[in-house]
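# Reading the structure
Take a look at the letters that make up each chain.
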Amino acid sequence: QVQLVESGGGLVQAGGSLRLSCAPSGLTFSSYNMGWFRQAPGKEREFVAAINRSGGATLHGDSVKGRFTISRDNAKNTVYLQMNSLKPEDTAVYYCATARTFTMEESQYDYWGQGTQVTVSS
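### Quick word on the environment of A57
Within the secondary structure, A57 is located in the loop between β5 (46-51) and β6 (58-60). Residue A57 is classed as partly exposed on the basis of its relative accessible area, which comes to 23%. Residues A57 and A23, spaced 34 residues apart in sequence, show a C-alpha to C-alpha distance of 19 Å. Aside from chain neighbours lying at most four places away, what touches A57 is A50, I51, N52 and F102.

### Side note on the pattern of salt bridges
A full pass over the atoms with the stated rule returns 5 salt bridges. A salt bridge links K65 to D62; the nearest nitrogen and oxygen atoms lie 3.2 Å apart. Accessibility expressed as a relative area gives 52% for K65, which makes it exposed. A salt bridge links R67 to D90, with the nearest nitrogen and oxygen atoms 2.7 Å apart. Here D90 lies in the loop between β8 (78-83) and β9 (92-99) and R67 lies in the loop between β6 and β7 (68-73), a separation of 23 residues in the sequence. A relative accessible area of 11% places R67 in the buried class. Residue classification places D90 among the buried residues on the basis of a relative accessible area of 0%. One network of salt bridges, in which partners are shared, links R38, E46, R67 and D90.

Definitions and cut-offs
- Residues numbered from 1 in each chain as written.
- Predicted model: local features only at pLDDT ≥ 70, side-chain atom pairs only at ≥ 80, totals over all residues.
- Heavy atoms only, no water.
- Helix = DSSP H or I, 4+ residues; strand = E, 2+ residues; numbered from the N terminus.
- Buried < 20%, exposed > 50% of the residue type's maximum accessible area, 1.4 Å probe, protein only.
- Contact = heavy atoms within 4.5 Å.
- Salt bridge = Lys/Arg side-chain N within 4 Å of Asp/Glu carboxyl O.

Structure representation (structure tokens):
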């Protein structure tokens, strides 16, 4: 049974930092591309970042470029999202997900975590 568990969310002041982690189980981690998405209240789910199987290539959404960084450690079966210079508009539930292709397209992601709440106060 595949499970993705996100951690690291919380409440932070604007300008602060958080690091999210996601540790999938029940699959061969290094065989999957990984992505982070987020969904704010009343809004569509939005692509945040993706990383390919080896970690050698990344994609970041325009709204987070230069502030957020996705990375992975295949030895630890974990993907990370380092979030710096946080803004109130970054407030959302953040989800990690797996994909067979390296893409920003949400429809290509198959397994999803339950999400972790990130709240940025002004």
